[in-house]
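Chain by chain, the residues:
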Amino acid sequence: MGKARKRTYRGPSRLTLARIGAAALLAACSGPQSTQQQRDELAKSLIEQKKTTPDGTSTATTTNGYKQDLAKRISQVNFTSVYVERPQALLRSVIVVKYVVDRDGNLVKSEILRSNRDKQAEASALGSLKNTAPFPKPPEALLQHGRIEFSESWLFNNDGRFQLRSVALAQMGE
């Protein structure tokens, strides 16, 4: 028989520690007792992780690219409400929201365009959008009259968690 090797525990890697720290920060800021300042600090840290210029302008070159960046950011900030696997075949609710972002990345307007009258899902969709603002600044080339407008679909599973259509996986059965 061979010699038994003695294993030495070296502790968690730096990457693991960074992931744990990020998860703890997100969890602390997403609870019901989180303050607007905590959410703003989290949003700022997430903006800094995205590819932006020094003044916080998105480096997206297309409207669709910027929309996907915003969808990813909404999912990151609201991660406790996001379903990360394939959405179920028959969704509980699909909420379509139209929203407008100004040249500074501020949420100017949001409204429900389509709903099945699920008030809880509507509130969750609008709340997740408002919790995420401010956004990275849109590139000047994408603006019309100093603003950019999007429509996004929130896809809700039976458990109340959602995915955004721009970054969602294919539904089960597709």
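Anyway, here's the lowdown on the structure attached to this text.

Conventions used here
- Per chain, residues are indexed from 1 in the order of the written sequence.
- With the structure being a predicted model, the display of local features is reserved for residues of pLDDT at least 70 and the display and counting of side-chain atom pairs for 80 or more, all residues being used for whole-chain, interface and lining totals.
- With hydrogens and water stripped out, all remaining heavy atoms of the structure feed into the side-chain values.
- Strand pairing follows a simple DSSP-based rule, namely that at least 2 bridges must link the two strands.
- Helix and strand definitions here come from DSSP, where helices need a minimum of 4 consecutive H or I residues and strands a minimum of 2 consecutive E residues; each element is numbered from the N-terminal end.
- Every angle, taken between N-to-C directions, lies between 0 and 180 degrees, and every axis is a line fitted to C-alpha atoms, over only the stretch in contact when it is a helix.
- The contact criterion used is simple: two residues touch if any of their non-hydrogen atoms lie within 4.5 Å.
- In what follows, salt bridge is the name for a side-chain nitrogen of Lys or Arg lying within 4 Å of a carboxyl oxygen of Asp or Glu.
- Relative accessible area decides the class of each residue, using a 1.4 Å probe on protein chains only: under 20% of the type maximum gives buried, over 50% gives exposed, and in between gives partly exposed.

In this section: the sheet that holds strand S2 (residues 107-114). Strand pairing in a sheet is mediated by backbone hydrogen bonds. Such pairs are either parallel or antiparallel. Strand order in this open sheet of 4 strands is S2-S1-S3-S4, and the pairing throughout is antiparallel. Strands with a single pairing partner mark the edges of an open sheet, and in this sheet they are S2 and strand S4 (162-164). For this sheet, the mean angle separating the axes of adjacent strands, direction not counted, is 25°. As defined by bridge partners, strand S1 (residues 93-102) adjoins S2 across 6 bridges and the pair is classed as antiparallel. Counterpart to Val96 in the pairing with S2 is Arg114.

Moving on, we come to the environment of Ser124. Along the polypeptide, Ser124 turns up in helix H4 (residues 119-132). The spatial distance from the C-alpha of Ser124 to the C-alpha of Ile95 is 9.6 Å, given a sequence separation of 29 residues. Every residue in contact with Ser124, bar those within four places of it in the chain, is listed here: Phe156 and Phe162.

Where charged atoms of side chains with opposite charge meet at close range, the side chains can pair. Summed over all chains, the structure comprises 6 salt bridges. With its nearest N and O atoms 3.1 Å apart, the salt bridge here joins Arg103 to Glu140. Of this pair, Arg103 sits in the loop between S1 and S2 while Glu140 sits in the loop between H4 and strand S3 (147-156), and the two are 37 residues apart along the sequence. Since its relative accessible area comes to 40%, Arg103 is described here as partly exposed. Accessibility expressed as a relative area gives 52% for Glu140, which makes it exposed. Linking Glu111 and Lys109 is a salt bridge whose minimum nitrogen-to-oxygen distance equals 3.5 Å. Owing to a relative accessible area of 28%, Glu111 belongs among the partly exposed residues under this scheme. Residue class for Lys109 comes out partly exposed when judged on its relative accessible area of 41%. The network of salt bridges with common partners includes Lys98, Lys109 and Glu111.

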